[in-house]
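One-letter residues, chain by chain:
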Amino acid sequence: MRWRRETDHEDRDCLRRLSSNSASNGGDLSWISKIQVNHPAVLRRAEQVQARRTVKKEWQAGWLLKAVTFIDLTTLSGDDTSSNVQRLCYKAKYPIREDLLKALNMHDKGITTAAVCVYPARVCDAVKALKAAGCDIPVASVATGFPAGQTHLKTRLEEIRLAVEDGATEIDVVINRSLVLTGQWEALYDEIRQFRKACGEAHLKTILATGELGSLTNVYKASMIAMMAGSDFIKTSTGKETVNATFPVAIVMLRAIRDFFWKTGNKVGFKPAGGIRTAKDSLAWLSLIKEEVGDEWLKPELFRIGASTLLSDIERQIYHHVTGRYAAYHDLPMS
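Residues numbered from 1 in each chain as written. Predicted model: local features only at pLDDT ≥ 70, side-chain atom pairs only at ≥ 80, totals over all residues. Heavy atoms only, no water.

Colleague: I'd like a description of the pattern of salt bridges, backed by residues and values.
Modeller: Going through the model one piece at a time under the given rule, you end up with 24 salt bridges. Salt-bridge contacts for Arg304 lead to Asp72; the nearest nitrogen and oxygen are separated by 2.7 Å. One end of the pair, Arg304, is in the loop between helix H12 (279–292) and strand E8 (305–307); the other, Asp72, is in strand E1 (residues 71–74), with 232 residues separating them in the sequence. On the basis of relative accessibility, which here comes to 0%, the residue Arg304 falls in the buried class. The class of Asp72 is buried, set by a relative accessible area of 0%. Connected via shared salt-bridge partners are Asp72, Glu170, Asp172, Lys205, Lys235, Lys271 and Arg304. (Salt bridge = Lys/Arg side-chain N within 4 Å of Asp/Glu carboxyl O. Helix = DSSP H or I, 4+ residues; strand = E, 2+ residues; numbered from the N terminus. Buried < 20%, exposed > 50% of the residue type's maximum accessible area, 1.4 Å probe, protein only.)

Colleague: How would you summarise helix H6 (residues 123–132) if you had to cite specific residues and measurements?
Modeller: What H6 keeps buried is the set Val123, Ala126, Ala129 and Leu130. Taken end-on, H6 shows its buried residues confined to a sector of 135°, consistent with a single buried face. Turned more than 90 degrees away from the buried face of H6, the exposed residues are Lys128, Lys131 and Ala132. Check the buried side of H6 and you find it contacts helix H4 (82–93), strand E2 (115–118), strand E3 (139–143) and helix H7 (153–165). (Arc of directions from axis to C-beta. Contact = heavy atoms within 4.5 Å.)

Colleague: Account for unusual backbone geometry, with residues named and values stated.
Modeller: A cis amide bond links Phe146 to the next residue, Pro147, at an omega of 0°. For Pro147, the location among the structural elements is in the loop between E3 and H7. Unlike most non-glycine residues, Thr144 shows phi in positive territory, near 60°. Looking at the secondary structure, you find Thr144 in the loop between E3 and H7. Of note, Ala209 is a non-glycine position whose phi angle comes to about 50°, a positive value. Here Ala209 is to be found in the loop between strand E5 (203–207) and helix H10 (216–228). Using a relative accessible area of 0% as the deciding quantity, one classes Ala209 as buried.

Colleague: Let's hear about the pairing of E3: which residues, and what values?
Modeller: Burial analysis of E3 places five of its five residues in the buried class, the great majority of the element. Side chains Val139, Ser141 and Ala143 of E3 all project onto a buried face; the interleaved residues Ala140 and Val142 project onto the opposite face, where all are buried too. This β-α-β element, E2 to H6 to E3, shows right-handed connectivity. Taken together, the four bridges between E3 and strand E4 (residues 170–174) define a ladder with parallel strand orientation. Note that in E4 the partner of Ser141 across the bridge is Ile171. (Right-handed = clockwise from strand over helix to strand, strands pointing away. Pairing = 2+ DSSP bridges.)

Colleague: Can you lay out the sheet that holds E2 for me, pointing to particular residues and giving the numbers?
Modeller: Reading across the sheet, the eight strands line up as E7-E6-E5-E4-E3-E2-E1-E8 and stay open at both edges, with parallel pairing between neighbours. One side of each edge strand has no neighbouring strand; the edge strands of this open sheet are strand E7 (269–271) and E8. Neighbour-to-neighbour, the strand axes of this sheet turn through a mean angle of 25°, independent of strand direction. As defined by bridge partners, E2 adjoins E3 across three bridges and the pair is classed as parallel. (Axes fitted to C-alpha atoms, helices over the stretch in contact; angles between N-to-C directions.)

Colleague: Can you lay out the confidence of the model for the protein chain for me, pointing to particular residues and giving the numbers?
Modeller: Across the protein chain, the average pLDDT comes to 91, with 91% of residues at 70 or higher. Throughout residues 1–6 the model reports pLDDT below 50, and contacts reaching past four residues in sequence, or to other chains, amount to 19 contacts. Of the regions scoring below 50 in pLDDT, residues 21–26 engages in eight contacts with residues more than four places distant in sequence or in other chains. (pLDDT = per-residue confidence, 0-100.)

Colleague: Please provide a residue-by-residue account of the environment of Gly62, values included.
Modeller: Examined against the element boundaries, Gly62 turns out to sit in helix H3 (residues 57–68). With 256 residues separating them in the primary sequence, Gly62 and Ile318 have C-alpha atoms 9.3 Å apart.

Colleague: Quick one: what's the story with the pairing of E5, residue by residue and with numbers?
Modeller: The buried fraction of E5 amounts to five of the five residues, a majority that puts the element mostly inside the structure. Neither face of E5 is left uncovered, since the one carrying His203, Lys205 and Ile207 and the one carrying Leu204 and Thr206 both have all their residues buried. As paired elements, E5 and strand E6 (residues 233–235) share three bridges and run parallel to each other. The partner of Lys205 across the bridge, within E6, is Phe233. Taken together, E5, H10 and E6 form a β-α-β motif whose crossover is right-handed.

Colleague: Lay out the side chain of Arg156 in plain terms, naming residues and giving numbers.
Modeller: Its place among the elements puts Arg156 in helix H7. By relative accessible area, which is 4% here, Arg156 ends up buried. In contact with Arg156, other than residues within four places in its own chain, are Thr144, Gly145, Gly149, Thr151, Asn176, Glu191 and Phe195.

Structure follows, in C-alpha cells:
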C-alpha cells in the first residue's frame, strides 16, 4: 500500500497557498488566530447525523463488512503481552468467521482490518505475528509520550524512531495540548514537522486529543496546523480522554480536511477513535464521511476507525444477519 508523501518543500508550498487568502506573508501562521467556528451550526449538523435511520438487511451487512476494512484493531493496555498481541494479529487477518463470509459469498474477498495498533514495546511482537500469518497488514504504533504527550521532545522523537526501526509503518503521535491551549501555533507546527521527519517513510497520524483542546475553534486550528505540517491523517483522540470521538468534533475536522483539499489539492485522512463500540456506531461514521467529504475518502488510505471492541459487535451483527439469531460472545472468540 502506497501512501501520500510530501517533501518539506511541498509542505511549505501548501502553507504559503493557505496563507495567501490572508494579510499574512507566505508561511506566516498568524492568520490561524482569526479563525472562528460556528458552534451552534456544528451542533445542529451533529443532531442530523445522529437522527438518521440506518440501512437494513443485506445493505447493512455490506456496509458492516466495509467498516471492518477501516478498523485499526487496537490494544493499548498496561497488561499487553506477546500472546494477546498475537491473538489480535490473528483476528486482524481473520476478522469475520469464514462460514459467515461464505454465507455472504465474501470468503474470497480478502477482508482484513486496516491495521493493528499497539504500544511501541509491542511492535516487534506484532510484526513477527503478522509475518508468521503470511499477511501484510500494517503495524501502527502510538508514540510521543502517548497518551499525554508530556515527555521531553527528544524522548518523543526517539520513541518514533525506535518504533519505525522495529517495523511500524504507521505512527500515531500525540500533540502537546498546551501549545493549542496557549495559541502557540508556530511551535505546534514545528513540533509536528519534527515528528514527520522522525517517521521517515512511515505513515504519520496526528492525534489531536480533541476532548482536551477547549473549543471547536481550537479543533479546527489544530487540524489545519497538523495537515500543513505533513500529517497523513488527523485523529480525534487517544481513547484515554474523558471525551473522545464525537460527531461535532468530527464535523469540524472533516470540514478542515475539505478546506485543506480545496486550497492545496492534498487529501488528508481522518481517524475517529475512542468510544466507537457498536456496529450501529460504525454505520453512522461511514455515513458522515460519505456526506462530508465524499466517497473518495471511503477507503483505508483516507479513513480509519480506532477501536478495540467494535469488531466483536460487527461480527455479532453479521452472525445475526446470516443465522437469524444473536451469537453468545463465546461463539465469536478473539482467536
